[in-house]
Amino acid sequence: MRSQFDALARLYEDMAELPWRRDLESYTVRELLGDLGGRSVLDIGCGTGQYCRMLRRAGAGRVVGYDVSAGMIAHAADREAWEPLGIRYTTEPPSDGTFDIALGVYVLPYATTYEELVELCAVAARALAPGGLFVALPVNPDYDGDPAYYERYGIRLHEDEPRADASRITLELCFDAYQVDVAARHWTRASLQRALLDAGFTGIDWHPFRVSPAALRSYGADFWSPYLRCPHAALITCRREQHPAGGSQTAEPASRNR
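What counts, and where the lines are drawn
Residues numbered from 1 in each chain as written. Predicted model: local features only at pLDDT ≥ 70, side-chain atom pairs only at ≥ 80, totals over all residues. Heavy atoms only, no water. Helix = DSSP H or I, 4+ residues; strand = E, 2+ residues; numbered from the N terminus. Buried < 20%, exposed > 50% of the residue type's maximum accessible area, 1.4 Å probe, protein only. Contact = heavy atoms within 4.5 Å. Lys, Arg positive; Asp, Glu negative; His and termini not counted. Charge placed at Lys NZ, Arg CZ, Asp CG, Glu CD. Pairing = 2+ DSSP bridges. Axes fitted to C-alpha atoms, helices over the stretch in contact; angles between N-to-C directions. Salt bridge = Lys/Arg side-chain N within 4 Å of Asp/Glu carboxyl O.

Student: I'd love a proper account of the overall build of the chain, names of residues and values included.
Tutor: Of regular secondary structure, the chain possesses 8 helices and 10 strands. On the principal axes, the C-alpha backbone points of the chain span a range of 45 × 40 × 35 Å. When burial is assessed residue by residue, the chain has 57% of its 258 residues classed as buried. Nonlocal contacts in the chain, meaning residues at least 24 apart in sequence, comprise 73% of its contacts between residues at least 6 apart. Charge separation in the chain, taken as the distance between the mean sites of 27 positive and 35 negative side-chain charges, equals 4 Å.

Here it is in structure tokens:
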């Protein structure tokens, strides 16, 4: 199945170096995960493998990247071939219940129905061992509706419909020579939490983003304050307690903006 991300591998590699991704988003996720020594990680919607490589270098033991986009996986596998780190990439979601951590960065916004949203959460639950940690970054339910609000960071967020569960939004990537639109969906805080519970998670927490001290010095507080005040993404953690709720696996919604 083709994905809207198949031809965007180069763009996402370049986007990983934007300050907000490198020094705020990735930095916060890395700090949140703490000591990764020997831990097993599944990166759901891994894209070109940015997080897989970061977490493997940080000491994670087994790292697997899963994405429905064959183009993204091919790019990540090529990168692994010439820069081997011991990461496995696949277009089939692992469901062995052995992972310590599952990561889903910009995966949940590509569910078009509540059932798909639950199923995307269940992909993580099926992969995790009991007590395993799921870290998800959906679109912030309370993002700023002015498309220009996030422009300084290289993105614009457009509301294509009145804001509601599964309402259409467009993420416009506008940095360097890029001008690319990615279709996504808005989900309310209540529905995100309910979907995680329905998929078999507990202990749901919402976390603020942080900026690395070096980036705060380099760019200044004024650069970061609009994003920190109203980020375009949310950061959620939860844990698999028991066997997750089932549901048939749906391939296309597991593609996401990474």
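Student: Any chance you could break down the sheet that holds strand S8 (residues 180–186) for me, citing the residues and the numbers?
Tutor: Across the sheet, which stays open at both edges, the 3 strands sit in the order S6-S7-S8 with antiparallel pairing between neighbours. Each edge of the sheet is formed by a strand with only one pairing partner; in this case those strands are strand S6 (155–159) and S8. Across this sheet, the average inter-strand angle for adjacent strands is 25°, counted without regard to direction. Sheet topology places strand S7 (residues 167–173) next to S8; 7 bridges connect them, and they run antiparallel. Each bridged residue has a counterpart across the sheet, and for Thr170 the counterpart in S8 is Ala183.

Student: Describe the side chain of Arg240, naming the residues involved and giving the relevant values.
Tutor: Take Arg240: it is sitting in strand S10 (residues 236–240). For the buried residue Arg240, which engages in no salt bridge, the nearest side chain bearing the opposite charge is Asp96, 8.1 Å off. With residues near it in sequence (within four places) discarded, Arg240 still touches Gly97, Ala125, Leu128, Ala129, Pro130, Gly131, Gly132, Gly200 and Phe201.

Keep in mind that these numbers describe shape and distance, not what the molecule does.
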